[in-house]
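Overview (structure and organization)
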Amino acid sequence: MEKLAIDGGAPVRATPIQVAYPGGRQIGAEEIAAVTEVLSYKSPFRYYGPEPQYTVQKFERAFAEKFGRKYALGTTSGTAALLIALKGVGVGPGDKVIVPALSFVATAGAVVAAGAVPVFAEIDDSLSLVPSEIDRLADAHTKAVVAVPLHGNPCRMEEIMQRARAHGLKVVEDVAQSCGSKYHGKYSGSYGDAAAFSMQLNKIISTGDGGVVVTDDPVVFERMARFHDQGSFREKDKYPELAGQPDIQMFGQNLRMNEMSGAVACIQLQRLDGIVASMREKKAYVKAALSDLPGVQFRTINDPDGDAGCTLCMFLPTREQAARWGEATAAEGAGWWFAYGGVPTYMIPFVRDQLTADGHYPFCLLDEPVRYYEGLCPQSEDVCCRNVEINFDPTYTQADLDDIIAIAKKVAHYVL
Ligand SMILES: *Cc1c(COP(=O)(O)O)cnc(C)c1O
């Protein structure tokens, strides 16, 4: 067999396969026309202007309907959506929030921004939170659990909801990466007290930056609307169930979505099913071709019918092999990477040392300190350091998929 490119051999691909941006690469004439229309009315703001087109409102209605939720609110980002969700369900200073050991740093970051302290729970070989961890970790200070369907794989939401409810905890779903995934026939984001989605460029549908948060609870919704808009709730009278209720008084921020993003989001939402179907098909093709690689174990998919299909993840026998695999596949032209550098969130230096813009706030609020250190979640550390994964994009051609397979087989020959 040809030598590995990393060792001076010819790479499988002359030009590397394009980075996957599933929604981003679908941007076309429809998005361009929709944004142009908003601009032509000189009405980029959602609540007023010369001739507002209410694209954000249209998006929110379509999104809530698609995901079977009563309320949706467009936001500036997924991180903003998560912060709004946490504030909506009442998370604040002095609280602890259970989060999975592995996620994008924004999951823990939003908890800290809400004034609370993240408590890390073990993940398993699905790369998502082990539901029984809720029983182990919940104490009198714990307010909520954030479930993160990582890289397309839905969480075991029924068990998570059940265990969280038994401890009186709120559940927030961080669906940033897995829009369109489902567990037992219901969308990720349709289980929790609130759920946050991202439309940043790496996510399944995209407005560049942007997010959306959903709930079924009118009081949570009013809190979210006010937190996202300087304490005001401009469309309260559009909701008959809320119209007669006393106003909630609270400071807010400005985390509002603008009308150009709303216009793009409306179109991207229409593309979601097609994007997910395409990624699932491509992933299944590659997975089948790699099913007999020696020593390789695929990630457990909590509900194979509900996988969003954006990522194929495998565990290699050792950390060293996974590191070598990442470098070698990149040199061949289709890199398979560790999720988040192969370490749990709590091993990121500023997380481990609990450093924020305010010194150690909010960590210093707890009477009994929560500490982060290597060995905190040993099972998670083991799966984090041995996973390698590759993402799928609807634009990948048959030749791209065959190259991904050829690269994996070539690298496997030398590394496994
Ligand atoms: C991307 C991401 C976020 C943050 O979304 P942004 O839109 O980038 O702010 C939050 N949580 C997870 C799990 C993510 O992957």
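As a reminder, the structure under discussion sits directly above these lines.
Here's a quick rundown of the structure. Everything quoted here is computed from the prediction, not taken from an experiment.

A word on the packing of helix α1 (residues 29–40) against helix α9 (residues 259–289)
Packing of α1 against α9 brings their axes to within 8 Å, and their N-to-C directions diverge by 155 degrees. Here α9 runs roughly antiparallel to α1, going by the angle between their axes. Taken as a pair, α1 and α9 cross one another with a handedness that is right-handed. Across the interface between the two elements, Glu30, Glu31, Ala34, Val35, Val38 and Leu39 from α1 touch Glu259, Met260, Ala263, Val264, Ile267, Gln268 and Arg271 from α9. Residues of the contact of α1 with α9, tallied by class, amount to 8 nonpolar, 1 polar and 4 charged.

Comments concerning the pairing of strand β3 (residues 117–121)
Counting buried positions along β3 yields 5 of 5 residues, so the element is predominantly enclosed. Side chains Val117, Val119 and Ala121 of β3 all project onto a buried face; the interleaved residues Pro118 and Phe120 project onto the opposite face, where all are buried too. In this sheet, β3 lies alongside strand β2 (residues 96–100) in parallel orientation, the contact comprising 5 bridges. Considered in β3, the bridge of isoleucine 98 is made with valine 119. Taken together, β2, helix α4 (residues 105–113) and β3 constitute a β-α-β crossover, and its handedness is right-handed.

Focus: the environment of arginine 165
Topologically, arginine 165 is positioned in helix α6 (residues 157–166). Counting along the chain gives 21 residues from arginine 165 to alanine 144, while the straight-line C-alpha distance between them is 9.8 Å. Not counting the four nearest positions on each side in its chain, arginine 165 is found in contact with Lys170 and Asp193.

Focus on α4
Buried residues of α4: Ala106, Thr107, Ala108, Ala110, Val111 and Val112, and no others. Tucked into the core, α4 has its buried residues touching α3 (78–88), β2, β3, β4 (142–147) and β5 (170–174). Following α4 by one or two positions, glycine 115 adopts a phi angle in the positive range, close to 95 degrees.

A closer look at the sheet that holds strand β12 (residues 387–391)
If you walk across this open sheet you meet the 3 strands as β10-β11-β12, and the pairing is antiparallel. Of all the strands in the sheet, the pair left with one neighbour each is β10 (297–298) and β12. Two elements, strand β11 (residues 311–315) and β12, share 5 bridges in a ladder whose sense is antiparallel. The partner of leucine 312 across the bridge, within β12, is isoleucine 390. In the packing of helix α12 (residues 378–386) onto the sheet, contacts are made with β11 and β12, and the angle to β12 comes to roughly 55 degrees.

Notes on the state of the cysteines
On inspection of all chains with the given rule, the structure shows 0 disulfides. The thiol of cysteine 179 is not disulfide-bonded; the next cysteine sulfur, from cysteine 310, is found 10 Å away. A disulfide-free cysteine, cysteine 384 has its sulfur positioned 7.6 Å from the sulfur of cysteine 385, the nearest such atom.

A short note on the site of the ligand
Around the ligand, the surrounding shell holds 15 residues, and the nearest of these are Gly78, Thr79, Asp174, Ser198 and Lys203. Between threonine 79 and the ligand, the recorded distance is 2.5 Å, taken from a side-chain N or O atom to an oxygen atom. In this structure, an oxygen atom belonging to the ligand sits 2.8 Å away from a side-chain N or O atom of glutamine 177. Taken atom by atom, the bulk of the ligand overlaps the largest pocket. Of all the secondary structure elements, the ones that give two or more residues to the shell around the ligand are α3 and α4. Residues that form the shell around the ligand fall into these classes: 4 nonpolar, 9 polar and 2 charged.

So, the nonpolar core
Counting 73 residues, the largest nonpolar core has Val146 and Met157 as the members making the most contacts within it. Broken down by element, this core gets its largest block of residues, 7 residues, from α3. Excluding anything up to four places from it in sequence, valine 146 contacts Leu82, Leu86, Val97, Ile98, Val99, Pro100, Thr107, Val111, Leu129, Val172 and Asp174. Counting 54 residues, the second-largest nonpolar core is a separate cluster that includes Met279, Val296, Val388 and Val411.

Details of the environment of lysine 87
Position of lysine 87 among the secondary structure elements: in helix α3. Overall, the relative accessible area of 16% leaves lysine 87 in the buried class. Taking C-alpha positions, lysine 87 is 6.8 Å from methionine 224, a pair spaced 137 residues apart along the chain. With sequence-adjacent residues up to four places away left out, lysine 87 is seen in contact with Gly92, Pro93, Ala114, Arg223 and Phe227.

Let's talk about the side chain of lysine 282
Note on placement: lysine 282 falls in helix α9. Salt bridges are absent for the buried lysine 282, whose nearest opposite-charge side chain, glutamate 281, sits at 5.6 Å. Those residues in contact with lysine 282 that sit more than four places away from it in its chain are Phe392, Asp393, Pro394, Tyr396 and Leu401.

Description of empty space enclosed by the protein
To find leftover empty space, a probe the size of one water molecule is rolled over the atoms. Scanning the model with the defined rule gives 1 cavity of 30 Å³ or more in all. One number sums up the size of the largest cavity: a volume of about 70 Å³. If you go around the largest cavity, the residues you meet are Arg46, Tyr47, Glu60, Ala72, Leu73, Phe221, Ala225, His228, Phe233, Arg234, Glu235 and Tyr239. When contributions to the lining of the largest cavity are tallied by element, the ones reaching two or more residues are β1 (71–75) and α7 (218–228). When residues of the lining of the largest cavity are assigned to their parent elements, the largest contribution, 3 residues, is made by α7. Looking at side-chain class alone, the lining of the largest cavity contains 7 nonpolar, 1 polar and 4 charged residues.

What counts, and at which threshold
Residues numbered from 1 in each chain as written. Predicted model: local features only at pLDDT ≥ 70, side-chain atom pairs only at ≥ 80, totals over all residues. Heavy atoms only, no water. Axes fitted to C-alpha atoms, helices over the stretch in contact; angles between N-to-C directions. Helix = DSSP H or I, 4+ residues; strand = E, 2+ residues; numbered from the N terminus. Parallel < 35°, antiparallel > 145°, perpendicular 65-115°, else oblique. Left-handed = near helix turned anticlockwise from the far one by under 90°. Contact = heavy atoms within 4.5 Å. Nonpolar A, V, L, I, M, F, W, Y, C, P; charged D, E, K, R; others polar. Buried < 20%, exposed > 50% of the residue type's maximum accessible area, 1.4 Å probe, protein only. Pairing = 2+ DSSP bridges. Right-handed = clockwise from strand over helix to strand, strands pointing away. Disulfide = S-S within 2.5 Å. Near = heavy atom within 4 Å. Polar contact = N/O pair within 3.5 Å; in protein donor to acceptor, adjacent residues only side chain to side chain. 1 Å grid on protein atoms, 1.4 Å probe; cavity = no way out; pocket = protein on both sides within 12 Å on 5 of 7 lines; lining within 4 Å. Sits in = over half its atoms within 2 Å of the grid points. Core = buried A, V, L, I, M, F, W, Y, C linked by side-chain atoms within 4.5 Å. Lys, Arg positive; Asp, Glu negative; His and termini not counted. Salt bridge = Lys/Arg side-chain N within 4 Å of Asp/Glu carboxyl O. Points joined across faces, edges and corners; volume = space filled by probe spheres on them.

Everything listed is a geometric property; what it means functionally is a separate question.
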